[in-house]
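Read off the chains here:
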Amino acid sequence: MNILLWHVHGSWTTSFVQGPHTYLVPVTPDRGPDGLGRARTFAWPDSVREVTPEELRDAEVDLVLFQRPHEPELAERWLGGRRPGRDVPAVYLEHNAPDGDVPDTRHPCADRDDLTLVHVTHFNRLFWDNGSTHTEVIEHGIVDPGHQYTGRLPRAAVVVNEPVRRGRHTGTDLLAGLSEAAPLDVFGMRTEGLAEHLGLPEDRCRSADLPQSELHTALAERRLYLHPVRWTSLGLSLLEAMHLGMPVVALATTEAVEAVPRGTGTLSTRPEVLARAARRYLEEPEAAAEDGARARQAALERYGLKRFLDDWERVMTEAIS
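Let me begin by describing the structure that accompanies this report. (Residues numbered from 1 in each chain as written. Predicted model: local features only at pLDDT ≥ 70, side-chain atom pairs only at ≥ 80, totals over all residues. Heavy atoms only, no water.)

Topic: the overall build of the protein
Thinking step 1. Across its full length, the protein holds 13 helices and 13 strands.
Thinking step 2. The dimensions of the protein, computed from C-alpha atoms along their principal axes, are 60 × 40 × 35 Å.
Thinking step 3. Across the 321 residues in the protein, those meeting the buried criterion constitute 56%.
Thinking step 4. Surface accessibility of the protein: about 14,000 Å² in total, with carbon and sulfur atoms responsible for 48%.
Thinking step 5. In the protein, 35 side chains carry a positive charge and 49 a negative one; their mean positions are 3 Å apart. (Helix = DSSP H or I, 4+ residues; strand = E, 2+ residues; numbered from the N terminus. Buried < 20%, exposed > 50% of the residue type's maximum accessible area, 1.4 Å probe, protein only. Areas by Shrake-Rupley, 256 points an atom, 1.4 Å probe, with all protein chains shown as cover. Lys, Arg positive; Asp, Glu negative; His and termini not counted. Charge placed at Lys NZ, Arg CZ, Asp CG, Glu CD.)

Right, dumping it as structure tokens:
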């Protein structure tokens, strides 16, 4: 199939394009949000082709995969008037947990009969008001980075983009207290100035924005993975950390309660419990490695790439038929 999708989430797309199809990714001269084109920091196969809006007008497209509310209108214009859902089969992928008026948040695709709405977690499907639209859940799949864990650095790794702006959603306000139990290395976009924002000395909260190839190596050197997120969808970085063999210390919120089973780390809604767990891993590296090995096995079983691609193949085939 020729599948049209925008480059919105690099990590998720990296897994999706491992399938057997041709993936048409719009590119514009400014490489803005609607025309990023191919990823520059992720390894994508040659089956991912950049296409301009002009080329899309006459392009053969078997399926359109939407990820943002404005994309259906954009696709109709760029496809020369072909209407997604009517003239071209369409699937809408919702990456995010609802935000605002929860649990009554109405999804932009609610009550549509011309497309399939796919959520990345069961939690998200439960909390969005999807109306009568046919919905599916396709849980994440990860390109396995391998068991790289060494845990040689007695520090906690956190991965979050824009922690200052996103604040309580990502648990940024909890980091100061948790840093007393374990010094933090926070990776992600726009993490600069985080230590100053939290009033912490630099050695208790270091920040860096690394490409994925370097990020995995850096994560695996830290003793544990800390996930203080209150309200967001299930982060791929959490699942990647588990694949690496890292033990997890996480807030027991949203889909984390399903993703992190017993014996792979500590889940709690009490920050003081998370602090004790982090401190224990720093003091007991063997226990950290053992829990991390179980975390990797659990992630491979539930979030493996083959299951992910098989699920998508089924949903896309049904959408086309």
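Topic: the sheet that holds strand S11 (residues 222-227)
Thinking step 1. What the six strands build is an open sheet, ordered S10-S9-S8-S11-S12-S13; its pairing is parallel. The open sheet has two edge strands, strand S10 (205-208) and strand S13 (265-268), and neither has a second partner. For this sheet the average axis-to-axis angle between neighbouring strands, irrespective of direction, equals 20 degrees.
Thinking step 2. With four bridges joining them, strand S8 (residues 153-159) and strand S9 (residues 184-187) adopt parallel strand pairing. Within the sheet, the bridge partner assigned to Val-158 lies in S9 and is Val-186.
Thinking step 3. Across the sheet, helix H8 (residues 212-221) lies against S8, S9 and S11, angled at about 105 degrees from S11, the strand it touches most. (Pairing = 2+ DSSP bridges. Axes fitted to C-alpha atoms, helices over the stretch in contact; angles between N-to-C directions. Contact = heavy atoms within 4.5 Å.)

Details of the sheet that holds strand S1 (residues 2-5)
Thinking step 1. Read from one edge of the open sheet, seven strands run S3-S2-S1-S4-S5-S6-S7, paired in parallel fashion. Either end of the sheet is taken by a strand with one partner, and the two such strands are strand S3 (48-51) and strand S7 (135-137). Neighbour to neighbour, the strand axes of the sheet diverge by 25 degrees on average, direction disregarded.
Thinking step 2. As paired strands, strand S5 (residues 90-94) and strand S6 (residues 116-119) are joined by four bridges and run parallel to one another. Within S6, the position partnered with Val-91 by the bridge is Thr-116.
Thinking step 3. On the sheet, helix H3 (residues 71-78) packs against strand S2 (22-26) and strand S4 (63-66) and is oriented at approximately 145 degrees with respect to S4.
Thinking step 4. On the sheet, helix H13 (residues 305-320) packs against S1, S4, S5, S6 and S7 and is oriented at approximately 120 degrees with respect to S4.

Some points on the packing of helix H9 (residues 236-244) against helix H12 (residues 285-302)
Thinking step 1. Here H9 crosses H12 at 120 degrees, and the two axes come no closer than 6 Å. Classified by the interaxial angle, the pair formed by H9 and H12 is oblique. Read as a crossing pair, H9 and H12 show a hand that is left-handed. On H12, the residues that touch Leu-239, Met-242 and His-243 of H9 are Gly-292, Ala-295, Arg-296, Ala-299 and Leu-300. (Parallel < 35°, antiparallel > 145°, perpendicular 65-115°, else oblique. Left-handed = near helix turned anticlockwise from the far one by under 90°.)

Re the pairing of S2
Thinking step 1. With four of its five residues buried, S2 lies for the most part within the structure.
Thinking step 2. As judged from the three bridges shared by S1 and S2, these two strands associate in the parallel manner. Bridging across to S2, Ile-3 finds its partner in Tyr-23.
Thinking step 3. Once the chain exits S1 it traverses helix H1 (residues 10-16) before rejoining the sheet at S2, and the crossover so formed is right-handed.
Thinking step 4. In the sheet, S2 pairs with S3 via four bridges, with the strands oriented parallel. Note on S3: the bridge partner recorded for Val-25 is Glu-50. (Right-handed = clockwise from strand over helix to strand, strands pointing away.)

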